[in-house]
There are 2 protein chains.
Amino acid sequence: MGRRTVEEHASAVAALLALAPEPESVPLAAALGRACAEDVRSPVDLPLFRNSQMDGYAIRSSDLGDLPVRLPVLGVIPAGATEPAPLEHGAAIRIMTGAPVPAGADAVVPVEDTALDGDAVTIRRVRSAGEFVRERGSDVGAGDLLVAAGTVLAARHLAALAAAGVAEVRVPRRVRVAVLTTGAELIEPGETPRAGQVFDANRVALLAGCQEAGAEVVLAEKVSDDPAEFERVLLGAADAADVVLTSGGISRGDFEVVRQVVEPRGAWVGEIAMQPGGPQATAEIEGTPVVCFPGNPVSTQVSFAVFVRPLLRAAAGLAPVAALPAVLTEPVEPPAGKRQFRRGRLDENGHVHLVAGPGSHLVASMAAADVLVEVAGPRAAGDTVAVIPL
Amino acid sequence: MGRRTVEEHASAVAALLALAPEPESVPLAAALGRACAEDVRSPVDLPLFRNSQMDGYAIRSSDLGDLPVRLPVLGVIPAGATEPAPLEHGAAIRIMTGAPVPAGADAVVPVEDTALDGDAVTIRRVRSAGEFVRERGSDVGAGDLLVAAGTVLAARHLAALAAAGVAEVRVPRRVRVAVLTTGAELIEPGETPRAGQVFDANRVALLAGCQEAGAEVVLAEKVSDDPAEFERVLLGAADAADVVLTSGGISRGDFEVVRQVVEPRGAWVGEIAMQPGGPQATAEIEGTPVVCFPGNPVSTQVSFAVFVRPLLRAAAGLAPVAALPAVLTEPVEPPAGKRQFRRGRLDENGHVHLVAGPGSHLVASMAAADVLVEVAGPRAAGDTVAVIPL
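Residues numbered from 1 in each chain as written. Chains lettered and ligands numbered in written order. Predicted model: local features only at pLDDT ≥ 70, side-chain atom pairs only at ≥ 80, totals over all residues. Heavy atoms only, no water.

## Quick word on the overall build of chain A
The condition is simple: The way it works is that DSSP assigns letters per residue, a run of H or I at least four long becomes a helix, a run of E at least two long becomes a strand, and they are numbered from the N terminus. For a compact globule the rule gives 2.2 Å times the number of residues to the power 0.38, and the radius of gyration it is set against comes from C-alpha atoms. For every residue, the accessible area (1.4 Å probe, protein chains only) is compared with the maximum for its type, and the residue is labelled buried under 20%, exposed over 50%, or partly exposed between those bounds. In what follows, residue pairs with any heavy atoms lying within 4.5 Å of each other are defined as contacts. Where accessible areas are quoted, they stem from the Shrake-Rupley method and a 1.4 Å probe; at the residue level, only the protein chains shown are allowed to cover. The positive count covers Lys and Arg only, the negative count covers Asp and Glu only, and His and the chain ends enter neither. Taken as the charge centre is NZ of Lys, CZ of Arg, CG of Asp or CD of Glu, depending on the residue.
Tallying secondary structure elements over chain A gives 7 helices and 27 strands in all. Taken over C-alpha atoms, the radius of gyration comes to 32 Å for chain A, far larger than the 21 Å a tight globule of 390 residues would show. In chain A, which comprises 390 residues, the share counted as buried stands at 54%. Considering only residue pairs separated by 6 or more positions, chain A has 69% of its internal contacts joining residues 24 or more positions apart. Of the roughly 15100 Å² of accessible surface on chain A, 49% is carried by carbon and sulfur atoms. Between the mean site of the 33 positive side-chain charges and the mean site of the 48 negative ones, chain A shows a separation of 2 Å.

So, in structure tokens, the structure goes:
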């Protein structure tokens, strides 16, 4: 039975998973919330061409002496028009917002500063030359950075990419995770428990936890406690996924299906100096990393948050969930030699209030917490500790 | 041509949309990130039954006098066992973590504090009576609040619901939005622009913006500038969606397809005292609310953030995006009588730095911003203004 500190196990899990998914190209409409894998430079100048900011009249400012001035109107340039002919001297042309400003014109006079009279327009006012002309490249130039690598793509980033004609963006391929929960006592929520049975909370906890961390869950199953059946499902999961997570069946009891299957296949099985979450294992099955959590639902969630969530987030290009300092409002005394992860609520003053006790079965209470409180030894009320947002 | 202040238009849009989606039940695995529509009380005690916290031996503490004590072992209770027989006096029974503690037993001695010798176990140490027994209901009692209405469901909430046997949760039905973008000059990203054409940034901006706000986009199309064709698509969108959003075609130009179609159908079409985003409209088409934004991409995004995003978030049960105070680092002078929404970056000291100019075509620059800076009149550097996170 191996023994590891939290740091040792975290390093071992990180080395085992070694997640570095290749980028993939996805259409903009599928990229919301994903991280940009590389800098995207604009392939074009934006605006693409010199265009009008207003509905009005394109003119040459040199044609305007003392106002008002009356100019013949030679036509109209709608938005979407192809390259218009150059503007003749001493004339105006009606122009719509976004339409290309013809060569020769250097200003647009908004329609409200004009009066149309037959085929001629009277210009009553010019605000400032060029003010209503959007120059080509005045937003961004071809080759300029449009969206930086690592940006988590929100609507405004996708809009900027679209505006520059970029239809697809490269993002890290989602890590594929398989979730296998074990325990002869487990039944599905919605079923009716017989005596001794409990509802499986770990399948949805790990499923949702992986999704929150930017991964894709390709398989999430409650598996039989029959070793041959578990092995069959595990091999299928290893084939389908980049990472397999299991819960339960890994401690020192008499009926430990995960341990029975992974130990003969060279797994590290041991005890982590933490509470909850003591018994854990890591294995490589058919080349796929397998991380085995204990079955108590709080143990599973805490182990996931401490060992796997940071790796999945990093692989997805998402920022780490930073631990914060917080002031304890009551003393905490972890078991000797163990790192304890209690559940707590952080208030706006940076004080953390423990939620329920240390028991790893307190899964309902955990829903009321918003941080894990990491305590490496006896701490008094008023001490500062690290808390990890959930 | 009507005129409205920002507040008047916001009120008009809120009254028109009047979003109050009925809750729907969804399986836990589909509920991540959605808001709980109502308080969920636990239908059961958790734990469901008194069970063992450790692998060890269930005993009666009254059977232990001076330690060590040797007790016959009468069998084993695995996890998942049905109700075990009461524990006889003067005996122990091997018990696995999570297994039901038999009547009569009031403590579990962890296996590491014992020694098994044939059919009897020697108890070497008792830590504290009851410590390794999880009492029924010690996590949550039947009828107790499990997840409060309004909670945005994260993995730990879904785990708590699952643990209590709750298989589905009620969340507000997603508001169905149709997005129609117009403009004869628009082409899709990925296409090759001819002179005068521009890439449509609004379709993906509104699509992603609605998704970020918890809505479902049932239709997102770039529509022809032909009024008959636009009307046909608009009627289909009104039929398929709870809300239709349009961009473009609503101002005072000669070719304004949205305006041509909605005005004869009783739309309010007018000018909002804001920049960007002046020309806007609201309509009710076949009973479905339609909100019409101007076509400049920054105008569309700002109008969405100011008028529609708050309503979609509220309908989805998501918290409002709160405006924050921030200190201007340079003066801002909006056009007379208009509320200006500039783009800015907020730093960690609460100072906001403007990003690019006020132009509504600066869509690439907007990607570099993280707030809208709301300015109701001339402001100097050092003045405090409201900023709206993007």
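Still more to cover.
## What to know about the sheet that holds strand 14 (residues 176-182) of chain A
Residues and elements named next belong to chain A. The criterion, for reference: Strands are labelled as partners when DSSP assigns at least two bridges between them. Axis definition: a line fit to C-alpha positions, over the contact stretch in the case of helices; interaxial angles, taken between N-to-C directions, run 0 to 180 degrees.
Overall, mixed pairing links the 7 strands, which are arranged 1-19-21-22-18-14-17 in an open sheet. The sheet is open, and its two borders are formed by strand 1 (2-4) and strand 17 (216-223), each paired with just one other strand. The mean inter-strand angle of the sheet, taken between neighbouring strand axes irrespective of direction, is 25°. Sheet topology places strand 1 next to strand 19 (residues 268-272); 3 bridges connect them, and they run parallel.

## Focus: the pattern of salt bridges
To be explicit about the condition: Salt bridges, as used here, are contacts in which a Lys or Arg side-chain nitrogen is within 4 Å of a carboxyl oxygen on Asp or Glu.
Scanning all chains against the criterion turns up 28 salt bridges over all chains. Here Glu231 of chain B makes a salt bridge to Arg265 of chain B, at a shortest N to O gap of 2.8 Å. Taken as a pair, Glu231 of chain B in helix 4 (residues 227-240) and Arg265 of chain B in the loop between helix 5 (257-262) and strand 19 (268-272) lie far apart in primary sequence, 34 residues in all. Glu231 of chain B gets classed as partly exposed once you look at its relative accessible area, which sits at 27%. One salt-bridge network, in which partners are shared between bridges, spans Glu7, Arg339 and Glu374 of chain A.

## Quick word on the interface of chain A and chain B
Quick note on the threshold: Buried area is calculated as the accessible area (1.4 Å probe) missing from two parts once they are joined, with the contributions of both summed. Under the convention adopted here, Pro, Cys and the residues Ala, Val, Leu, Ile, Met, Phe, Trp and Tyr are nonpolar, Asp, Glu, Lys and Arg are charged, and Gly plus all remaining residues are polar.
Between chain A and chain B, the residue contacts involve 76 residues of the former and 76 residues of the latter. Interface area for chain A against chain B, summed over the two sides, is near 5800 Å², with a carbon-plus-sulfur share of 63%. The three residues of chain A that bury the most area against chain B are Asp139, Arg156 and His361 of chain A, which together make up 11% of that side's buried surface. Taken together, the connections running from chain A to chain B amount to 0 salt bridges. Of all the secondary structure elements, the ones that give two or more residues to the side of chain A that touches chain B are helix 2 (155-163), strand 16 (198-199), helix 3 (202-212) and helix 7 (363-366) of chain A. Here the side of chain A that touches chain B takes 8 residues from helix 2 of chain A, the largest share from any one element. Looking at side-chain class alone, the side of chain A that touches chain B contains 44 nonpolar, 18 polar and 14 charged residues.

## Considering the domain arrangement of chain A
Heads up, the condition is: Residue ranges for the domains originate in an automatic or database domain assignment.
Each assigned domain of chain A is listed with its residue range as follows: domain 1 (2-21 + 174-315), domain 2 (23-46 + 138-172), domain 3 (51-134) and domain 4 (324-389). One C-alpha centre belongs to domain 1 of chain A, the other to domain 3 of chain A, and the line joining them spans 69 Å.

## Quick look at the relation of the copies chain A and chain B
This is how the line gets drawn: Copy-to-copy alignment: least squares on C-alpha atoms, limited to residues at pLDDT 70 or above in both.
Take chain A, turn it by 180°, move it 0.0 Å along the axis, and it overlays chain B with an RMSD of 0.1 Å. The transformation just described matches what one would write down for a two-fold rotation axis. The position closest to the rotation axis in chain A is occupied by the C-alpha of Gly33 of chain A, lying 6.4 Å away. When you check the interface residues of chain A against chain B, 100% turn up at the interface there too, and the contact is symmetric in its surfaces.

## Here's the deal with the packing of helix 1 (residues 6-17) of chain B against helix 6 (residues 297-315) of chain B
All names here are of chain B. Condition: Crossings are classed by handedness, with left-handed meaning an anticlockwise turn of the near helix from the far one by less than a right angle and right-handed meaning a clockwise turn.
Across the interface, helix 1 lies against helix 6 with an axial gap of 9 Å and an inter-helix angle of 35°. Two packed elements cross with a definite hand, and for helix 1 against helix 6 that hand is right-handed. In contact with Val6, His9, Ala10, Val13, Ala14 and Leu17 of helix 1, helix 6 contributes Val306, Phe307, Val308 and Leu311. By residue class, the composition of the contact of helix 1 with helix 6 is 9 nonpolar, 1 polar and no charged.

## So, the UniProt feature "domain: MoaB/Mog" (unreviewed entry) in chain A
Our working definition: UniProt positions are given in the numbering used here, feature names are shortened, and annotations may be inferred rather than shown by experiment.
UniProt's feature table lists "domain: MoaB/Mog" (unreviewed entry) at residues 178-314 of chain A, given in the numbering used throughout. Helix makes up 36% of residues 178-314 of chain A and strand 31%. Its end C-alpha atoms lie 18 Å apart.

## Section: unusual backbone geometry
Excluding glycine, residues mostly have negative phi values, and the peptide bonds linking residues are mostly trans. Across the junction of Leu46 of chain A and Pro47 of chain A, the peptide omega takes the value -10°, indicating a cis bond. If you trace the backbone, Pro47 of chain A turns up in the loop between strand 3 (40-41) and strand 4 (51-52). A cis amide bond links Gln275 of chain A with the next residue in sequence, Pro276 of chain A, at an omega value of -5°. Residue position: Pro276 of chain A is located in the loop between strand 20 (274-275) and strand 21 (279-285). Positive phi, close to 40°, is recorded for Ala18 of chain B, a residue that is not glycine. The class of Ala18 of chain B is exposed, set by a relative accessible area of 55%. A positive phi angle is found at Ala356 of chain B, which is not glycine, with a value near 60°.

## Side note on the packing of aromatic side chains
What counts here: Here a pair means two rings of Phe, Tyr or Trp (six-membered ring of Trp) with centres within 6.5 Å. Their orientation is stacked below 30 degrees between planes, edge-to-face above 60, and tilted elsewhere. Remark: a charge is flagged as sitting over a ring if the NZ atom of Lys or the CZ atom of Arg is within 6 Å of the ring centre and within 35 degrees of the ring normal.
If you walk through the whole model with that rule in mind, you get 0 aromatic pairs over all chains. In this structure, Arg4 of chain A packs its charged tip against the face of Trp268 of chain A, placed 3.6 Å from the ring centre.

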